[in-house]
Amino acid sequence: MPIRRRRLRVEGVVQGVGFRPFVHALGTRMGLTGLVGNDTTGVVIEVEGSASTLDAFVRRLREEAPPLAVIDSIESHTVEPEGGSGFVIAPSDPVGERQTLISPDTATCEDCLRELFDPRDRRHRHPFITCTNCGPRFTIIRDVPYDRAATTMAGFAMCRDCEREYRDPGNRRFHAQPVCCPRCGPSLRLVDGRGATLAGDPLDTAVSLLRDGGVLAVKGLGGYHLAALAGSEPAVAALRSRKHREDKPFAVMAADLDAARLLGEIGDAQARALTSPRRPIVLLRRHAGGAVAPSVAPGNRSLGVMLPYTPVHHLMARDLAEPFVLTSGNVSDEPIAYGDEDALRRLAGIADAFLTHDRPIHVRTDDSVVRVVAGRETALRRSRGFVPQPVTLARPFPRPVLGCGAELKSTFCLAKGHRAFVSHHIGDLENWETLRSYREGIDHFMRIFDIRPELAAHDLHPDYLSTKHAQGMADVERIAVQHHHAHIAACLADNGEPGPVIGVALDGLGYGLDGSMWGGEILVADLTSFRRAGHLSPVRMPGGAMAIREPWRMAAAHLDAAFRGDVPSGLRVAQAHAERWGAVVALARGGVASPLTTSAGRLFDAVAAILGVRDTIHYEGQAAVELEQVAEPGESSAYTVAVSGGDPCEVASGDLVRAVVADLRAGVAVPLIAARFHNGLAMAVLSACLRVRERSGLAVVALSGGVFQNLLLTERVAGLLSGGGFRVLTHARVPPNDGGISLGQAVIAGARDAAGLL
Ligand code: ZN
Ligand code: ZN
Ligand code: FE
């Protein structure tokens, strides 16, 4: 049988996931000779043997790849046979074009967990146990190719035992870059607010501190968290007041799935999300009377729960044996602290002690947040565990693109070839520290993925700092993208669809083509262009940004518009703000700095304030979140809303407002009114889509925008549309909120570029 040699180029997530040892073991087992090495685009294999064995080898490469590997493509060329014996692992080649994919950070695997709790194992209770199948990746990588020297483990020289495992192709730790043991790896330290080491075993002391009701800062994968006993009201209340976080819910960490089941409802999809190696916070419907203190998630029927994802978490959870709050280590809206000295300085007034260690964090990442919507996992905050996995697109980007994102919940997106790398959640760019992370993040992604953007796609809003970033870039072509077009394009890209579709963007605020603030839009859109086919009735935002922070102002505007100035007397919201009501109504009738808006988010605000659910907010979207929480999910009746026949058609928001007021005055319970409002808006979306279908013939609807974080509304809308014969696209990997905007901008720029429209 003639001997052949093939050179294979494997691309995808193939570095830092045990791919080389896997290839080595497979080749050896199959009696083949050759070599395997990393280069900057992935893994290169040369393999020699009979043609049929080589075919089998390639097949098994795909079928038996290690758990964290994602193979995008295998390219094969025949080369001259070289003979030789055995399989060799070649050292990395650091030059050339970088296109390799980097694995996200991954939860401790079952094998490592077993060793962690095995008293006979040499890594028994080692807080940094890891192997090729698990552990830190994205957050410790400084550069590519992914080798120990390019990670924050560079300062830890392996001991002889670790080195032996690292060099043994048959070992689970073969070429696992962060591998270490108690003798050679990082170590835990417990320090006080001045950085002085506290006596005793760091973990034991930290756990007793928590048990005694203390607040503990814990260094995690992407930053510091703050922990407190979830069942202790004094502990959680102390954390809340010291953090200056009035009522935004905290997430809770439970030891395992069984412990999590005591906190909230867990179906199959929720269980899959909780136990996935990405380990996001999963929003669950909370059990009434669960063992969680009231201050954990005040006024909220859902609860964010996650399972341990680092060895430190596993040790804490097991030793503590009850759930604990684990929330980002920051004060109010600042970004999460990730540098050791910065954390000490910023969190000293909050934490009683710091459980820290000496492995640096290179990239700040928050916990990801997901929710199961209609049986499908939907990302609400995409960060640790998900990033930097790219969204792969059917059509390539002709030129590299930077999508600059929005302003709040901001992300950026760098795209090249078939891949779009959406960044981790960066946050609110108005914060200086966040803006710095944004800029540094773009530089880091440009370096590790070797993408030099030639196009910069940004929001239409002239004042967004992301827009200003695009304007400050040299040597790029700039493309302005309308906010809601970007939302719909993100949903299309998330679903691998090109459009055209009917795009329903129910959102907070986005700059419209006419300079007003859009946010309740029905578009006919594909990836290159859109047409506004419908919208909610416009009202003014009395006092502009003030109206975002004070939903009662939106109540004043919507009431005045709905009743044409003749608002029924005796409404609580008007009485509660009697002093300023008249002035605010005057602003709503055309005052200065009170732009027109069609925002669905602001309509939710208005209804929340009318119903007395919330008049002023402490975090973005709070009134809408609470209105959803208060709504009775079992209620099926809906308010009737007219949709005008014009083009664009207009969804009469005033019908909803008048119906809400009528029920309120008739003494109907608030949970029923809130539900009828949700149902009425969903029916209005259906009516508008039916009208647009008549005109356009389109029967696919994409749902996007921050308001579709609302589970009740999303399920109602999706159900009604499906019942009406529409195919419905919702978000999965990329959030429906402004975290998805950067992807939408990038794909629109790419599509316009490909169509020769630039
Ligand atoms: Zn492992
Ligand atoms: Zn060691
Ligand atoms: Fe938006």
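What you see is a predicted model, and the numbers here were worked out from it, not measured in a lab.

**Overview of the overall build of the protein chain**
The number of helices and strands found in the protein chain is 23 helices and 27 strands. For 758 residues, the compact-globule estimate of 2.2 N^0.38 gives 27 Å, and the protein chain sits close to it at 27 Å. Overall size of the protein chain, expressed as C-alpha extent along the three principal axes, is 90 × 65 × 45 Å. Considering the protein chain as a whole, with its 758 residues, one finds that 61% of them fall into the buried category. Partitioning the intrachain contacts of the protein chain with sequence separation of at least 6 by distance along the chain shows that 72% fall at a separation of at least 24. Of the roughly 27,500 Å² of accessible surface on the protein chain, 51% is carried by carbon and sulfur atoms. Here the protein chain carries 83 positive and 85 negative side-chain charges, and the mean point of each set is 1 Å from the other.

**Some thoughts on the nonpolar core**
In terms of nonpolar packing, the biggest core is built from 65 residues, with Val-504, Leu-506, Leu-559, Leu-627, Phe-677 and Leu-713 touching the most fellow members. Here this core gets 12 residues from one element, more than from any other, and that element is helix α21 (residues 670–696). If sequence neighbours within four positions are ignored, Phe-677 has contacts with Leu-603, Phe-604, Val-607, Leu-627, Tyr-639, Leu-656 and Val-660. Phe-22, Leu-54, Ile-102 and Phe-174 belong to the second largest nonpolar core, which has 53 residues in total.

**Observations concerning helix α15 (residues 551–562)**
For an α-helix, the turn length of 3.6 residues means that residues three or four places apart are oriented alike. For α15, which comprises 12 residues, the first-to-last C-alpha distance of 16 Å matches the rise-based estimate of 16 Å (1.5 Å per residue) to within 8%. The buried fraction of α15 is high, at 11 of 12 residues. Considered for burial, the residues of α15 that qualify are Pro-551, Trp-552, Arg-553, Met-554, Ala-555, Ala-556, Ala-557, His-558, Leu-559, Asp-560 and Ala-562. A positive phi of about 45° marks Arg-564, the residue just after α15.

**Considerations on the domain arrangement of the protein chain**
Assigned domains of the protein chain: these are domain 1 (4–89), domain 2 (102–186), domain 3 (188–369), domain 4 (373–494 + 738–754) and domain 5 (517–526 + 532–729). Placing the centre of domain 2 and that of domain 5 at their C-alpha centroids yields a distance of 52 Å.

**Quick word on the packing of helix α18 (residues 600–610) against helix α19 (residues 622–630)**
For the pair α18 and α19, the least separation of the axes is 8 Å and the interaxial angle reads 65°. For the element pair α18 and α19, the recorded crossing hand is left-handed. Side by side, α18 and α19 meet where Phe-604, Asp-605, Val-607 and Ala-608 of the first sit next to Ala-623, Ala-624 and Leu-627 of the second. Here the contact of α18 with α19 is built from residues that sort into 6 nonpolar, no polar and 1 charged.

**Regarding the coordination of the zinc ion (ligand 2)**
At the metal site, the zinc ion (ligand 2) is ligated by Cys-159 (SG), Cys-162 (SG), Cys-181 (SG) and Cys-184 (SG), and these contacts range over 2.2 to 2.3 Å. Every donor counted, the 4 donor atoms about the zinc ion (ligand 2) form angles of 104 to 117° at the centre, which fits tetrahedral coordination. Expressed as a motif, the donor residue spacing for the zinc ion (ligand 2) is C-x2-C-x18-C-x2-C. In this pair, Cys-162 sits in helix α4 (residues 160–167) while Cys-181 sits in the loop between α4 and β6 (188–191), placing the two residues 19 residues apart along the sequence. Both residues of the pair, Cys-162 and Cys-181, count as buried.

**Description of the coordination of the iron ion (ligand 3)**
Four donors placed tetrahedrally about a metal ideally form angles of 109.5 degrees, and six donors placed octahedrally ideally form angles of 90 or 180 degrees. Taken together, His-483 (NE2), His-487 (NE2), Asp-507 (OD), Asp-507 (OD) and Asp-738 (OD) make up the full set of protein donors to the iron ion (ligand 3), lying 2.1 to 2.7 Å away. Motif for the iron ion (ligand 3), donor spacing along one chain: H-x3-H-x19-D-x230-D. Separated by 4 residues within a single helix, His-483 and His-487 lie in helix α13 (residues 483–494), roughly one turn from each other. Pair check on accessibility: His-483 and His-487 agree, each one buried.

**Here's the deal with the pairing of strand β12 (residues 324–328)**
For β12, the tally of buried residues reaches 5 of 5 residues, placing the bulk of the element in the interior. Both strand β8 (residues 224–229) and β12 contribute to a ladder of 5 bridges, which runs antiparallel. Following the sheet pairing, His-225 is matched in β12 by Ser-328. When strand β9 (residues 251–253) meets β12, the two strands line up antiparallel, connected through 2 bridges. Residue pairing in the sheet places Met-253 in a bridge with Phe-324 of β12.

**Examining the pairing of strand β18 (residues 455–459)**
Each regular strand displays side chains that alternate between the two surfaces of the sheet. For β18, the tally of buried residues reaches 5 of 5 residues, placing the bulk of the element in the interior. Pairing between strand β16 (residues 391–403) and β18: 3 bridges, direction parallel. Among the inter-strand pairings, Val-401 is bridged to a residue of β18, identified as Leu-455. Pairing of β18 with strand β19 (residues 477–481) involves 5 bridges; the strand directions are parallel. Counterpart to Leu-455 in the pairing with β19 is Glu-477.

**Quick look at the packing of aromatic side chains**
What characterises a pair of aromatic rings is the spacing of the ring centres plus the angle enclosed by the ring planes. With the rule as written, the count across this model stands at 9 aromatic pairs. Seen from their ring centres, Phe-138 and Phe-445 are 5.9 Å apart, and the 80° between their planes marks the pair as edge-to-face. Placement of the pair is Phe-138 in the loop between α3 (110–116) and α4 and Phe-445 in helix α11 (residues 432–448), with a sequence separation of 307 residues. Residue Phe-138 shares its accessibility class with Phe-445, and that shared class is buried. Summarising the aromatic geometry, the rings of Phe-604 and Phe-677 are spaced 5.0 Å apart at their centres and angled 80° between planes, so their arrangement reads as edge-to-face. Here the residue Phe-604 occupies a position in helix α18, and Phe-677 occupies one in helix α21, the gap between them amounting to 73 residues.

Calculation criteria
- In this numbering scheme, every chain counts its residues from 1 along its sequence in written order.
- Chains and ligands are labelled by the order in which they are written, letters from A for the one and numbers from 1 for the other.
- Whole-chain, interface and lining totals are the exception, using all residues; otherwise, since this is a predicted model, local features are given only for residues with pLDDT of at least 70 and side-chain atom pairs are given and counted only at 80 or more.
- To get the side-chain values, take all heavy atoms of the structure and skip hydrogens and water.
- Numbering of helices and strands starts at the N terminus; helices are DSSP runs of H or I of at least 4 residues and strands are runs of E of at least 2.
- The size measure is the radius of gyration over C-alpha atoms, and the globule rule it meets is 2.2 Å times the number of residues to the 0.38 power.
- Exposed residues in this analysis have more than 50% of their type's maximum accessible area, buried residues have under 20%, and partly exposed residues fall in between, with area computed by a 1.4 Å probe over protein chains only.
- Contact between two residues is taken to exist if any of their heavy atoms lie within 4.5 Å; hydrogens are not considered.
- Each accessible area value is a Shrake-Rupley result obtained with a 1.4 Å probe; residue values ignore everything except the protein chains displayed when judging cover.
- Positive charges are assigned to Lys and Arg, negative charges to Asp and Glu, while His and the chain termini are left out of the count.
- Every charge is mapped onto a representative atom, which is NZ of Lys, CZ of Arg, CG of Asp or CD of Glu.
- Residues belong to one nonpolar core when they are buried, are Ala, Val, Leu, Ile, Met, Phe, Trp, Tyr or Cys, and are joined through side-chain atoms within 4.5 Å.
- Expected helix span is given by 1.5 Å per residue-to-residue step, counting one fewer step than there are residues.
- What counts as a domain boundary in this text is fixed by an automatic or database domain assignment.
- Axis definition: a line fitted to C-alpha atoms, over the contacting stretch in the case of helices. Angles run 0 to 180 degrees between N-to-C directions.
- Two helices crossing with the near one rotated counterclockwise from the far one by less than a right angle form a left-handed crossing, whereas a clockwise rotation gives a right-handed crossing.
- The classification used treats Ala, Val, Leu, Ile, Met, Phe, Trp, Tyr, Cys and Pro as nonpolar, Asp, Glu, Lys and Arg as charged, and all other residues, Gly among them, as polar.
- A donor here means an N, O or S atom no more than 2.8 Å from the metal, or no more than 3.2 Å when the metal is Na, K or Ca. Since water is not included, a site may seem to lack partners.
- Angle rules define the geometry names used: all angles between 85 and 135 degrees makes four donors tetrahedral, while opposite donors over 155 degrees apart and all other angles between 65 and 115 make four donors square planar and six octahedral, leaving every other case irregular.
- Two strands form a pair only when DSSP identifies at least two bridges running between them.
- Each Phe, Tyr or Trp ring, with Trp reduced to its six-membered ring, pairs with another whose centre is within 6.5 Å; inter-plane angles below 30 degrees give stacked pairs, above 60 give edge-to-face pairs, and intermediate values give tilted ones.

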